2 protein chains.
Amino acid sequence: MDATFTAASHHVRRRILDRLRRGPETVGGISRRFPISRQAVAKHLRLLERGRLIVVRRSGRERLVSLSARPLREVDRWLAGYRRYWRSRLLSLKRLAEEIERRGG
Amino acid sequence: MDATFTAASHHVRRRILDRLRRGPETVGGISRRFPISRQAVAKHLRLLERGRLIVVRRSGRERLVSLSARPLREVDRWLAGYRRYWRSRLLSLKRLAEEIERRGG
DNA sequence: TCCATGGGCAACCATAAGGTTGCATATTGG
DNA sequence: CCAATATGCAACCTTATGGTTGCCCATGGA
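Let us look at the structure shown here. (Residues numbered from 1 in each chain as written. Chains lettered and ligands numbered in written order. Predicted model: local features only at pLDDT ≥ 70, side-chain atom pairs only at ≥ 80, totals over all residues. Heavy atoms only, no water.)

Re the packing of aromatic side chains
As enumerated under the stated definition, the model contains five aromatic pairs over all chains in all. Summarising the aromatic geometry, the rings of W78 of chain A and Y82 of chain A are spaced 4.8 Å apart at their centres and angled 50° between planes, so their arrangement reads as tilted. Of the two residues, W78 of chain A and Y82 of chain A both sit in helix α5 (residues 71–104), four residues apart, roughly one turn of that helix. Taken individually, W78 of chain A and Y82 of chain A each receive the classification buried, so the pair is uniform in this respect. The structure contains a cluster of three or more aromatic residues connected by ring pairs, namely F5, W78 and Y82 of chain A together with F5, W78 and Y82 of chain B. Taking NZ or CZ as reference, R21 of chain A lies 4.6 Å from the ring centre of Y82 of chain B, over its face. (Phe/Tyr/Trp six-rings, centres within 6.5 Å; stacked < 30°, edge-to-face > 60°. Helix = DSSP H or I, 4+ residues; strand = E, 2+ residues; numbered from the N terminus. Buried < 20%, exposed > 50% of the residue type's maximum accessible area, 1.4 Å probe, protein only. Lys NZ or Arg CZ within 6 Å of the ring centre and 35° of its normal.)

Structure below.
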């Protein structure tokens with residue numbers, strides 16, 4: 001999962017992913033959305049590829065980049081434990097609030 | 001979220017987080033669990049702190065590290081969109097399978 | 001009081017990220 | 001065929017990661 005988290009750890013890359021949910025796009029199309037050079041975007045794409053979050057296939061002289069969100073399911077599964085954690089924390093906070101309320105009034 | 005994802009992008013740091021769900025632990029206690037130096041672990045802790053995933057408070061000569069999973073909720077919320085995405089992908093895969101089944105048999 | 005223990009800080013090193021510019025190459029439309 | 005278009009690759013720079021070792025300092029007990 002290291003590569004997946006690393007891929008998701010930069011706002012530019014997350015924006016790329018978010019955009020790709022609407023459908024595949026060319027490298028140039030993606031890079032035109034950002035104020036950085038095409039090559040910089042290409043490096044971001046390489047990191048996304050390493051994290052298996054995108055798939056690139058060539059079509060003529062262009063490269064079509066498409067989303068491959070599957071690895072995010074592992075992240076989701078990892079998060080599940082914390083979901084339980086923060087829910088229980090919220091629960092105890094709620095109980096504390098109730099306790100204070102009971103004592104106060 | 002950059003800092004949160006960065007913090008979660010290393011297996012050692014994720015293991016630290018996982019362990020902290022059981023309760024707070026000292027810096028030394030944590031570092032003894034890993035085959036790397038105490039200082040290396042301290043650096044990991046600093047990254048976790050930057051991602052607001054832990055809180056450190058001193059108690060005498062020790063430092064107690066405790067989990068603060070709240071930032072992960074943002075990650076969870078970000079993931080929600082992809083949950084929808086991969087579900088719809090799975091759904092179309094299922095439909096395709098049914099289609100093939102229908103045609104084949 | 002004294003020293004073992006818990007930890008921080010700094011220096012140093014290698015590698016990865018995140019950018020840039022410049023140049024090479026393959027298609028595609030006229 | 002030729003020029004414009006879409007990308008890739010390489011070199012180079014800066015800063016962040018991930019480790020190490022060495023040294024310093026506070027504190028808690030015997």
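Notes on the relation of the copies chain A and chain B
Here chain A sits on chain B after a turn of 180° about the axis and a move of 0.0 Å along it, with an RMSD of 0.0 Å. A rotation of that kind, with that shift, is consistent with a two-fold axis. Mapped onto chain B, 100% of the interface residues of chain A are again interface residues, and the two copies thus contact each other with one and the same surface. (Least-squares fit on C-alpha atoms with pLDDT ≥ 70 in both. Contact = heavy atoms within 4.5 Å.)

Here's the deal with the protein's contact with DNA strand D
Surrounding DNA strand D, one finds 22 residues, the nearest of these being G28 of chain A together with R13, Q39, K43 and H44 of chain B. Restricting the count to atoms of DNA strand D within 4 Å of the protein gives a sugar and phosphate share of 56%. Take Q39 of chain B: an N or O atom from its side chain is 2.6 Å from a base oxygen of DNA strand D. In the model, a base oxygen of DNA strand D is placed 2.3 Å from a nitrogen or oxygen of the K43 of chain B side chain. Residue assignment for the surface near DNA strand D shows that the elements contributing at least two residues are α3 (27–31), α4 (38–50) and β3 (62–67) of chain A together with α4 (38–50) of chain B. Element by element, the count of residues in the surface near DNA strand D is highest for α4 of chain B, at six residues. Residue composition of the surface near DNA strand D, by class: four nonpolar, nine polar and nine charged. (Near = heavy atom within 4 Å. Polar contact = N/O pair within 3.5 Å; in protein donor to acceptor, adjacent residues only side chain to side chain. Nonpolar A, V, L, I, M, F, W, Y, C, P; charged D, E, K, R; others polar.)

Some points on the pairing of strand β2 (residues 54–59) of chain A
Residue and element names in this part refer to chain A. Examined bridge by bridge, β2 and β3 share six bridges and lie antiparallel to one another. Bridging from a neighbouring strand, V55 pairs with S66 of β3. The hairpin turn running from β2 into β3, its antiparallel successor, is two residues long, and G60 in that turn takes a positive phi close to 70°. (Pairing = 2+ DSSP bridges.)

Some words on α4 of chain B
Residues and elements named next belong to chain B. Between the first and last C-alpha of α4 there are 18 Å, a value that for 13 residues agrees with the 18 Å anticipated at 1.5 Å per step. Listing the buried residues of α4 in full gives V41, H44, L45 and L48. The buried residues of α4 all sit within an arc of 105° when viewed along its axis, so they share a single face. Along α4, exposed side chains directed more than 90 degrees from the buried face belong to K43 and R50. (Expected span 1.5 Å × (residues − 1). Arc of directions from axis to C-beta.)

Quick look at unusual backbone geometry
Glycine aside, negative phi is the norm for most residues, and most peptide bonds take the trans geometry. Even without being glycine, R52 of chain A reaches a positive phi, approximately 60°. Its place among the elements puts R52 of chain A in the loop between α4 and β2.

Some points on the packing of helix α2 (residues 11–20) of chain B against α4 of chain B
Residues and elements named next belong to chain B. The contact between α2 and α4 brings their axes to 10 Å, and the two run at 75°. As summarised for this structure, α2 and α4 are arranged roughly perpendicular, according to the angle between their axes. Of α4, the residues touching α2 (which contributes V12, R13, I16 and L17) are V41, H44, L45, L47 and L48. Tallied by class, residues from the contact of α2 with α4 come to seven nonpolar, one polar and one charged. (Axes fitted to C-alpha atoms, helices over the stretch in contact; angles between N-to-C directions. Parallel < 35°, antiparallel > 145°, perpendicular 65-115°, else oblique.)

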